[in-house]
Amino acid sequence: MPQYNRGFVPSHLVCFNGNCRAQYPITEVIYNCPRCGGLLEASAPVGLDPERLKRLWRERRMSNAPLDQSGVWRYRELLPFEDQLEHAVTLREGNTPLLSSPRASAYGGLRTLAFKHQGFNPTGSFKDNGMTCGASQGRRLGMKRAACVSTGNTSASMAAYAAQAGMQAIIFLPHGNISYGKLAQALEYGARTLQVEANFDQILKLVRVLAEQLGIYLLNSVNPFRIEGQKTIMAEMLDQRDWRVPDWVAVPGGNLGNVSAFGKALRELQSAGFIDRLPRLAVIQAEGSAPFEAFSHAPAAAFPTVEHPETLATAIKIGDPVSWPKAWHEVTNSGGLVEKVTEQEIADAKAVIGASGIGCEPASAATLAGIRKLTAAGRIPPDADTVAILTGNVLKDPDYIYRYHTGQLTAHSGAIRGAFENAPMVVPNDPERIAALLA
Ligand code: F0G
């Protein structure tokens with residue numbers, strides 16, 4: 001395995017609250033600052049040599065060592081594991097493509113738009129980038145059981161990585177509010193699966209109490225190691241672009257872990273000299289689950305939690321996002337913004353991404369819907385070099401797709417009119433009639 005010695009400055013956990021900044025050992029099992037209750041983050045990596053690492057990270061693509069083949073561990077100098085790599089659990093995550101589509105770019109009102117498609121991950125979502133790190137930390141700590149609440153993708157990912165790590169996965173789901181594709185993954189990967197009659201935000205509170213009481217390792221994105229792994233999405237994207245910084249990066253916002261990870265990665269890469277400026281971060285939320293968008297209009301007020309979040313993009317059906325303080329820091333620091341889109345806008349953008357041969361799950365399509373709205377309003381110029389993060393695979397939610405294309409999709413806000421409807425036809429077993437139909 002190509003090696004790099006960044007020296008012996010051990011990582012630690014730091015309170016994100018600027019008035020506290022208390023530090024704790026990297027192996028402490030805590031999810032919030034014991035002193036002030038703030039969010040925690042891993043300390044920034046030190047001793048990075050950009051030119052050497054850019055070359056080394058390229059070289060590792062040629063290596064057959066499992067950690068080099070991982071699109072997360074390839075960038076391990078950015079992660080708080082130092083020499084303790086024997087705990088790393090990998091399913092060859094990351095390595096996700098940058099895809100372009102003239103049709104989707106035009107729909108978004110842009111000349112160049114690339115999709116960084118995290119749906120190409122082993123369990124079909126960006127959660128794998130974070131989970132490989134979170135599960136590895138669980139193993140380093142000697143944890144036997146791991147838990148999460150999830151709108152589906154975190155649970156699918158945690159189930160797979162816990163299985164690989166030899167930990168028992170315990171999954172809490174909002175009953176009736178996740179897609180079958182995601183539920184099926186949790187079951188298939190052998191997780192103990194509990195469906196709770198409550199929404200995501202309520203269950204997260206429950207799971208945090210249970211994790212503490214029962215000594216189960218919590219693997220939601222409040223866990224700073226999840227965030228560390230998700231940082232590599234930005235490192236890999238920049239590596240794939242030969243370190244050319246895009247003008248904008250658009251990402252859907254739910255619990256706001258991903259945008260927090262992106263901002264942290266970009267800041268760290270900038271301060272280490274890998275890049276000389278930051279892309280602006282655009283966070284897109286679904287209209288019925290958009291507390292962060294509301295907050296962005298009145299950041300001095302209390303955070304406007306949405307008690308009953310609604311959206312057919314169930315992955316981002318979250319009204320009380322845990323990571324909002326980090327996310328807000330990253331949005332403002334990058335000169336970014338927060339936007340919201342309707343159910344109709346998400347559905348049509350999703351169909352356009354699908355018709356480009358790319359495809360994604362509903363939450364991911366919020367990016368293209370948001371970009372379309374932002375370019376139309378002149379907030380993103382048409383020549384902005386833009387990367388949109390597609391967070392989940394097209395097969396995560398086939399029910400949504402079938403309903404859209406057959407005119408049966410209904411959101412809380414009303415029926416969706418499939419502008420790009422493509423219903424299957426039932427035909428007789430008769431070549432002449434089929435030929436006539438196709439003429
Ligand atoms: N897109 C998809 C496909 C997701 O699954 C999620 C989050 C998001 C976007 C939002 O990312 O929370 O970092 O802002 N899904 C979580 C889950 C909540 O439980 O799978 P975020």
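In this report, we go over the structure that sits alongside the text. Quantities reported herein were computed from a predicted structural model and do not represent experimental measurements.

So, on to the state of the cysteines. All chains considered together, the criterion is met by zero disulfides. Summary of cysteine pairing: Cys33 is not part of a disulfide, and the nearest cysteine sulfur, belonging to Cys20, is at 3.8 Å. Among the residues examined, Cys33 registers a relative accessible area of 3% and is labelled buried.

A separate point is the sheet that holds strand β2 (residues 23-25). Pairing within the open sheet is antiparallel, and its three strands lie in the order β2-β1-β3. The sheet terminates laterally at β2 and β3 (40-42), the two strands that pair on one side only. Pairwise comparison of adjacent strand axes, ignoring direction, gives a mean angle of 30° for this sheet. Two elements, strand β1 (residues 12-15) and β3, share three bridges in a ladder whose sense is antiparallel. The residue bridging Val14 from the neighbouring strand is Glu41, located in β3. Packing of helix α8 (residues 224-240) onto the sheet brings it into contact with β1 and β3, and relative to β3 it is tilted by some 45°.

What follows concerns the pattern of salt bridges. Tallied over the full model, the rule gives 25 salt bridges. In this structure, Asp68 engages Arg76 in a salt bridge whose closest nitrogen and oxygen atoms are separated by 2.9 Å. Its salt-bridge partner being Asp385, residue Arg244 comes within 3.8 Å of it at the nearest N-O pair. Placement of the pair is Arg244 in the loop between α8 and β10 (248-252) and Asp385 in the loop between α13 (362-376) and β13 (386-390), with a sequence separation of 141 residues. Relative accessible area serves as the criterion here: at 19%, Asp385 is assigned to the buried category. One network of salt bridges, in which partners are shared, links Arg58, Arg61, Asp239 and Asp242.

Right, let's get into the side chain of Ser105. Locating Ser105 in the fold gives a position in helix α3 (residues 102-107). Among the polar contacts made by the side chain of Ser105, one reaches the main-chain carbonyl oxygen of Ser101 at a distance of 2.9 Å.

Two numbers describe how helix α9 (residues 257-271) lies on helix α11 (residues 324-333): the axes approach to 8 Å, and their chain directions differ by 50°. Of the possible angle classes, the one that applies to α9 and α11 is oblique. Classified by chirality, the crossing of α11 by α9 is left-handed. Here α9 contributes Val259, Ser260, Gly263, Lys264 and Arg267 to the contact with α11, which in turn contributes Lys326, Ala327, His329, Glu330, Val331 and Asn333. The residue makeup of the contact of α9 with α11, split by class, is three nonpolar, four polar and four charged.

So, on to the pairing of β10. For β10, the buried fraction is high: five of the five residues fall into the buried class. Side chains Trp248, Ala250 and Pro252 of β10 all project onto a buried face; the interleaved residues Val249 and Val251 project onto the opposite face, where all are buried too. Sheet topology note: the β10/strand β11 (residues 280-286) ladder contains five bridges and is parallel. Within β11, the position partnered with Val251 by the bridge is Val283. Tracing the backbone out of β10, into α9 and back to the parallel element β11 gives a crossover that is right-handed. Bridge analysis of β10 against β13 gives three bridges, and the strand direction is parallel. Residue Ala250 lies in a different strand from β13, and its bridge partner there is Ala388.

Bringing the packing of aromatic side chains into the picture now. Counting across every chain of the model gives 13 aromatic pairs. Judged by centre distance (5.5 Å) and plane angle (40°), the rings of Trp243 and Phe274 are tilted. Here the residue Trp243 occupies a position in the loop between α8 and β10, and Phe274 occupies one in the loop between α9 and β11, the gap between them amounting to 31 residues. The pair Trp243 / Phe274 is uniform in exposure class, with both members buried. Taken together, Phe292, Phe295, Phe303, Trp324 and Trp328 form an aromatic cluster joined through their ring pairs. Above the ring of Tyr107, the side-chain terminus of Arg372 is found at 4.0 Å from the ring centroid.

Here we come to unusual backbone geometry. Despite not being glycine, Arg92 has its phi angle at roughly 60°, a positive value. Mapped onto the fold, Arg92 is located in the loop between α2 (66-69) and β4 (98-100). Take Arg92: its relative accessible area is 47%, and that puts it in the partly exposed class. Within the chain, Leu256 stands out as a residue other than glycine whose phi angle is a positive 70°. Along the chain, the position of Leu256 falls in the loop between β10 and α9. Residue classification places Leu256 among the buried positions, given a relative accessible area of 2%.

Now for the site of the ligand. Residues in close proximity to the ligand total 21 residues, the closest being Asn153, Thr154, Asn255, Leu256 and Thr391. Interatomic distance of 2.7 Å between a side-chain N/O atom of Thr391 and a nitrogen atom of the ligand. Alone, the ligand offers 480 Å² of accessible surface; in the complex the protein occludes 98% of this. Counting residues per element, the ones that place at least two in the shell around the ligand are α5 (153-165) and α9. Here the residues of the shell around the ligand are counted per class, giving eight nonpolar, eleven polar and two charged.

Rules used throughout
Residues numbered from 1 in each chain as written. Predicted model: local features only at pLDDT ≥ 70, side-chain atom pairs only at ≥ 80, totals over all residues. Heavy atoms only, no water. Disulfide = S-S within 2.5 Å. Buried < 20%, exposed > 50% of the residue type's maximum accessible area, 1.4 Å probe, protein only. Pairing = 2+ DSSP bridges. Helix = DSSP H or I, 4+ residues; strand = E, 2+ residues; numbered from the N terminus. Axes fitted to C-alpha atoms, helices over the stretch in contact; angles between N-to-C directions. Contact = heavy atoms within 4.5 Å. Salt bridge = Lys/Arg side-chain N within 4 Å of Asp/Glu carboxyl O. Polar contact = N/O pair within 3.5 Å; in protein donor to acceptor, adjacent residues only side chain to side chain. Parallel < 35°, antiparallel > 145°, perpendicular 65-115°, else oblique. Left-handed = near helix turned anticlockwise from the far one by under 90°. Nonpolar A, V, L, I, M, F, W, Y, C, P; charged D, E, K, R; others polar. Right-handed = clockwise from strand over helix to strand, strands pointing away. Phe/Tyr/Trp six-rings, centres within 6.5 Å; stacked < 30°, edge-to-face > 60°. Lys NZ or Arg CZ within 6 Å of the ring centre and 35° of its normal. Near = heavy atom within 4 Å. Areas by Shrake-Rupley, 256 points an atom, 1.4 Å probe, with all protein chains shown as cover.

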